[in-house]
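Inside the fold
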Amino acid sequence: MTLPATDDRLDARQLAEAFRQFSEASEALTGAYAGLQTQVGQLTERLSVLMGALPAGVVVLDREGRVVQANRVVEAMFATSLAGVLWEAFCATRLMATETPGEWQLACGTDTLRVTRVDAPLESGDGHIVLLTDVTEAHRMRLAAERQERLAAMGEMVAGLAHQLRTPLSAALLYTATMVQQEMGPADRERIGNRAIERLRHLEKLIRDMLLFARGETLGREPFAICDLVAELAQTLEPVARAKGLGFEPACDCGASQVVGDRKAIVGALTNLLENAVQATEAGGRVRFDAALDGGLVRFSVTDTGKGIDPALQSRLFEPFFTTRPDGTGLGLAIARGVARAHGGDIGIQSEPGRGTTFTLTLATGG
């Protein structure tokens, strides 16, 4: 069967028109693709310029945690190229936790930087971005401000300090003068000598505490088990409490958890709280010493069944040289608060007259 010639010509015209439309669409797609490539190139260039201009370190990680891209700032921090490295394994021995939560120490040549780290997952789920910000100068300024604050406080207490030093010194001089100027038997000489030594030791303790308060910052950083610390303090304080007729109840729910910090300073702060509790409690009472984890903090609680503290005095307890005891230096709680704050924590008090007192000292577990 033969088709009419008009149908053959119509099919040819339709084919030509379809080809023309296809060509136009192809050219439009090619133009659009070229435009997208230009935009991608521009965005890539802008991103590279932005990453280079950022004062913070930026690391882009893939799904496996390998570095896909890192700007010059972060590579300068680590003094090496980071492309392709496994980020977490690389940082494990380079970023060290500090006493401040969220801040890390990073060795950079002969300097030590202090940085903050923020991780942000990509919406696609194919990795995440790490932002490292150098806060070394801000940290130094914070330490300087804290030191200036302590020195200002020391300046305000000069008059009180003179009185605090003069009283035990005058007593010691009086006792020693009595020993020199008067004839006395061995028993009286020993009694007067012991009193003089007692006053001199009080003076030495006052000066030592004053220096600790003025210095403020802690010295060493080491990891140690929380429960081991509780056991050590319990072993020291339990005989003291028993000699006074008190029940002493230590408890630690921290398992094998550790804290990083100045162990000697922390022991000193907690010992001060425990000794205060023992002194404030009458025979037949109890002193509890508990440690428990609370998020990123470890919480030490010292609770006594003593007579409690008047609300009007509670706000002054941490003031340097304020004390309710005739033999106290008034610096113990101020030093303990300084130690707690240097380790990312603080000290709080709950007390009700006639129902005892609880001091709570917190430390950041990361140091």
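All values derive from a computational prediction rather than experimental measurement.

Remarks on the overall build of the chain
Scanning the chain from terminus to terminus reveals 10 helices and 13 strands. For the chain, the residues scored as buried account for 34% of the 367 residues in total. If you take every contact in the chain between residues at least 6 apart in sequence, the share linking residues at least 24 apart comes to 60%.

Looking at the sheet that holds strand S5 (residues 111-121)
Spatial ordering of the open sheet is given by S2-S1-S6-S5-S4-S3, a layout of six strands whose pairing is antiparallel. The open sheet has two edge strands, strand S2 (67-70) and strand S3 (95-97), and neither has a second partner. Sheet twist, expressed as the mean angle between neighbouring strand axes with direction ignored, is 30°. Relative to S2, strand S1 (residues 57-62) runs antiparallel, the two sharing three bridges. Counterpart to Val 59 in the pairing with S2 is Ala 70.

Some words on the pattern of salt bridges
Opposite charge on two side chains permits them to pair, given that their charged atoms come into close proximity. One pass over the structure, following the stated rule, counts 13 salt bridges. Of the charged contacts in the structure, one is a salt bridge between Glu 238 and Arg 242, with a shortest N-O distance of 2.3 Å. Here Arg 242 and Glu 238 lie together in helix H7 (residues 226-243), a separation of four residues that amounts to about one turn. A network of salt bridges, in which partner residues are shared, links Glu 249, Arg 286, Arg 288 and Asp 290.

As for the sheet that holds strand S11 (residues 297-304)
Reading across the sheet, the five strands line up as S8-S10-S11-S13-S12 and stay open at both edges, with mixed pairing between neighbours. Both outer strands of the open sheet, strand S8 (247-252) and strand S12 (346-351), are each paired with one neighbouring strand and no more. Strand-to-strand twist in this sheet, taken as the mean axis angle between neighbours without regard to direction, amounts to 15°. Pairing of strand S10 (residues 286-294) with S11 involves eight bridges; the strand directions are antiparallel.

Topic: the nonpolar core
Leu 229, Phe 248, Leu 270, Phe 289, Phe 300, Phe 359 and Leu 361 are the most contacted members of the largest nonpolar core, which totals 40 residues. Every residue in contact with Leu 229, bar those within four places of it in the chain, is listed here: Phe 224, Arg 263, Ile 266, Val 267, Leu 270 and Phe 300. Core analysis: the next-biggest nonpolar cluster, separate from the first, contains 16 residues, Val 59, Val 67, Met 77 and Phe 78 among them.

Focus on unusual backbone geometry
Even without glycine at this site, Ala 79 takes up a positive phi of about 55°. On the secondary structure map, Ala 79 appears in the loop between helix H2 (72-78) and helix H3 (87-91).

Regarding the packing of aromatic side chains
Summed over the entire model, instances satisfying the criterion amount to four aromatic pairs. Residues Phe 78 and Trp 87 carry aromatic rings whose centres are separated by 5.7 Å and whose planes lie at 80° to one another, so their mutual orientation is edge-to-face. Note on Trp 87: relative accessible area 0%, which makes it buried. Through a chain of ring-to-ring contacts, the aromatic side chains of Phe 78, Trp 87 and Phe 90 assemble into a single cluster. Stacked on the ring of Phe 90, the Lys or Arg Arg 94 has its end atom at 3.9 Å from the ring centre. The lysine or arginine in question, Arg 263, covers the ring of Phe 224, its NZ or CZ lying 5.2 Å from the ring centre.

Digging into the side chain of Thr 360
Its location among the elements puts Thr 360 in strand S13 (residues 357-364). A relative accessible area of 18% places Thr 360 in the buried class. Dropping the residues within four chain positions of it, Thr 360 is found in contact with Arg 299, Phe 300, Ser 301, Asp 346, Ile 347 and Gly 348.

Procedures and definitions
- Residues numbered from 1 in each chain as written.
- Predicted model: local features only at pLDDT ≥ 70, side-chain atom pairs only at ≥ 80, totals over all residues.
- Heavy atoms only, no water.
- Helix = DSSP H or I, 4+ residues; strand = E, 2+ residues; numbered from the N terminus.
- Buried < 20%, exposed > 50% of the residue type's maximum accessible area, 1.4 Å probe, protein only.
- Contact = heavy atoms within 4.5 Å.
- Pairing = 2+ DSSP bridges.
- Axes fitted to C-alpha atoms, helices over the stretch in contact; angles between N-to-C directions.
- Salt bridge = Lys/Arg side-chain N within 4 Å of Asp/Glu carboxyl O.
- Core = buried A, V, L, I, M, F, W, Y, C linked by side-chain atoms within 4.5 Å.
- Phe/Tyr/Trp six-rings, centres within 6.5 Å; stacked < 30°, edge-to-face > 60°.
- Lys NZ or Arg CZ within 6 Å of the ring centre and 35° of its normal.

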